Amino acid sequence: MANKFGMFLIGGVVGAVAALLAAPRPGAETRAMVADKANDILGDAQQWGGQAAAGAQHIYQEAASKGAEVVNNVTAKGQEIASEAAARGADMAASIQEAASNISPTINEKGDELREKIEAARQRIADQVAKNVDDDAVSDAVSSAADAVADKADDVAEKAEEVADKAAKHKADK
């Protein structure tokens, strides 16, 4: 493609030289006419170059404006999404806090009920054993068994309290 364009330019130059040599006007007049045409072409080229520069500047300004608009839109959307996520997180934290506060009294209540039932069962066992046994040796064995049962009941009650304390601590941490 460049080779064809080069040949075209060479042909143009040869044609111009031939036209000058065969021109019916005197040399000074022809040179003046060629100088005028060259000045006209130069002026047109400068004008076209100025217009092209102004057009390029306009396109650049539009692109910069659109780019800034896109950046602002993306930034606003990102902030909106972050705000929504924070609100959802706060809602979820409130729900968890509410659930923990609802569970803690239930655990404490169930622990108290369990302690009462264990104590009532221990007392019934001790009463039943006392009725059935008249012998001191058997009575001592039953009493020690009742004490062992009571100790285990106390261990269970302590475990229930630990669970209730952990639930309350978990609720307080939230």
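Residues numbered from 1 in each chain as written. Predicted model: local features only at pLDDT ≥ 70, side-chain atom pairs only at ≥ 80, totals over all residues. Heavy atoms only, no water.

> So what exactly am I meant to see when it comes to a nonpolar patch on the surface here?
A grouping of Phe-5, Phe-8 and Leu-9 is seen on the molecular surface, where their side chains present a nonpolar patch of about 360 Å² in accessible area. Looking at the secondary structure, you find Leu-9 in helix α1 (residues 2-21). (Patch = residues over 30% accessible without salt bridge, like charges linked within 9 Å, V, L, I, M, F, W, Y side chains within 5 Å. Areas by Shrake-Rupley, 256 points an atom, 1.4 Å probe, with all protein chains shown as cover. Salt bridge = Lys/Arg side-chain N within 4 Å of Asp/Glu carboxyl O. Helix = DSSP H or I, 4+ residues; strand = E, 2+ residues; numbered from the N terminus.)

> Explanation requested: the confidence of the model for the chain in the structure shown.
Detailed reading of the predicted coordinates is not advisable wherever pLDDT falls low. Confidence along the chain averages 79 in pLDDT terms, with 90% of residues attaining 70 or more. Averaged over each element, pLDDT in the chain is lowest for helix α3 (residues 136-173) (73) and highest for helix α2 (residues 27-132) (82). (pLDDT = per-residue confidence, 0-100.)

> How should the pattern of salt bridges be read in this particular structure?
Charged atoms that come close allow side chains of opposite charge to pair. Taken as a whole, this structure holds 2 salt bridges when the rule is applied. The salt bridge partner of Glu-80 is Lys-77, with a shortest N-O separation of 3.9 Å. With Glu-80 and Lys-77 both in helix α2 and 3 residues apart, this pair spans about one turn of that helix. Given the relative accessible area of 46%, Lys-77 is considered partly exposed. Between Arg-122 and Glu-119 there is a salt bridge, and its shortest N-O distance comes to 3.2 Å. Here Glu-119 and Arg-122 lie together in helix α2, a separation of 3 residues that amounts to about one turn. Accessibility expressed as a relative area gives 27% for Arg-122, which makes it partly exposed. (Buried < 20%, exposed > 50% of the residue type's maximum accessible area, 1.4 Å probe, protein only.)

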